[in-house]
Amino acid sequence: MSYQDKLGRPCGFLDLEDKENSGHFVRRFFRLEAQKGVLEYYVDNPSNLPEGSNPVGTIQLQYISQVSDAGKQKPKVQFCFVISIGGRKYFLKADSQNEQERWIRILTDLTKIKVPKQDIPRQADGDCNAEEITKSYTTEIVGGVVLKREDSDDSSSSSDEDEHTRYMLPSKSIREPIKMGFCIKQGARVKSWKRRWFVLDSENIAYYKSDTWQGKTPLKSIPVMEILDVRESRGIHLNKDNLFEIVTSARVFYCQCDTPGDMQDWMSKITTIMLSKEGMQRKKSMESKECQTTNPVKLRSSPESRSSIWV
């Protein structure tokens, strides 16, 4: 059963899946050290262990991207929840539903920071404008990156919208989606990382502020025909897992996925559409050449040239 110790730290026993997808759970004592920014776990309650005993493992709070009910992933495991960190998932089992919900709530609240309106955030790089100061927003720590989201979807102010506006297309251009999902992308001017909802169709890959994208204009839409390459990113952002690049003549888009499998799926689907487009272009080019060969242009002679024949 979870409780708060004398120092006000949430703690208690949980069953931890020792290896991801192994299905084997071990009993561990968890203690949340909010000031240190870690969730520690021990083989037993530290009060029963020799003084100075170290935890057998820690989970850094700053790297947590999501804490949620794991009923769908582990339908046979009661009161199970999952902590997602990049490509790793920690599956934990509580003793009751109330305890499960309590841990989810505590961890979720700790990885979100609510900033009220009129509160001026202090930024080291000085990139703070008047519009941002007057808005209420929530920051989330996702994959080790602080992500800022406005509380209201009414405002369209974003560094994304200032990037190469020639990529902007109306939402009606979005066709039947081939793949959708969240990715974390780097901005063009301000090199911050933001969580965006990506939608890929047969013509474009677009991204929006949230997954309620239907009927809205994307922050950006990249025509597939303008994509030169899609590849896994190596050697640029060494602290980013599951990162891939969308290369165009204007810039390189860096996108981070939650898992390696999701990254490979995005690259595969984008590449498939690119190859399909290239094949269609080659076919049109060949048909155009054949048309020119079978239907040569007939030059009309001038009156002067016709009259010179009879001279």
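Residues numbered from 1 in each chain as written. Predicted model: local features only at pLDDT ≥ 70, side-chain atom pairs only at ≥ 80, totals over all residues. Heavy atoms only, no water.

A.B. asks: Please provide a residue-by-residue account of the state of the cysteines, values included.
C.D. replies: Counted according to the given criterion, the structure contains zero disulfides. Free cysteine Cys255: the closest other cysteine sulfur is in Cys183, separated by 5.7 Å. Classification of Cys255 by relative accessible area gives buried; the value is 1%. (Disulfide = S-S within 2.5 Å. Buried < 20%, exposed > 50% of the residue type's maximum accessible area, 1.4 Å probe, protein only.)

A.B. asks: Describe the packing of aromatic side chains, with residues and values.
C.D. replies: One pass over the structure, following the stated rule, counts six aromatic pairs. Ring geometry for Phe198 against Tyr207: centres 5.0 Å apart, planes inclined by 40 degrees, an arrangement best described as tilted. What makes Tyr207 buried here is its relative accessible area of 0%. Between the aromatic rings of Phe198 and Trp266, the centroid separation amounts to 6.2 Å while the plane-to-plane angle is 70 degrees, which identifies the pairing as edge-to-face. Of the two residues, Phe198 is situated in strand S13 (residues 193-200) and Trp266 in helix H4 (residues 260-294); the sequence distance between them amounts to 68 residues. Its relative accessible area of 3% is what places Phe198 among the buried residues. Three or more aromatic residues link up through ring pairs in this structure, and these residues are Phe198, Tyr207 and Trp266. For Lys240, the ring lying beneath its charged end belongs to Trp193, and the centroid distance is 4.6 Å. Above the face of the Phe253 ring, Arg251 is positioned so that its terminal group lies 3.9 Å from the ring centre. (Phe/Tyr/Trp six-rings, centres within 6.5 Å; stacked < 30°, edge-to-face > 60°. Helix = DSSP H or I, 4+ residues; strand = E, 2+ residues; numbered from the N terminus. Lys NZ or Arg CZ within 6 Å of the ring centre and 35° of its normal.)

A.B. asks: Could you give an account of unusual backbone geometry, with specific residues and numbers?
C.D. replies: What is expected of a backbone is that most residues other than glycine have negative phi and most peptide bonds are trans. Even without a glycine there, the phi angle at Phe79 is positive, about 55 degrees. Structurally, Phe79 is set in the loop between strand S6 (66-69) and strand S7 (80-85). In the Ramachandran plot, Asn242 falls in the positive-phi region, its phi being about 55 degrees despite a non-glycine side chain.

A.B. asks: Please set out the side chain of Asn242 residue by residue, giving values where relevant.
C.D. replies: Within the fold, Asn242 resides in the loop between strand S16 (227-232) and strand S17 (243-248). Of the polar contacts made by the side chain of Asn242, one reaches the backbone oxygen of Asp258; its length is 3.3 Å. (Polar contact = N/O pair within 3.5 Å; in protein donor to acceptor, adjacent residues only side chain to side chain.)

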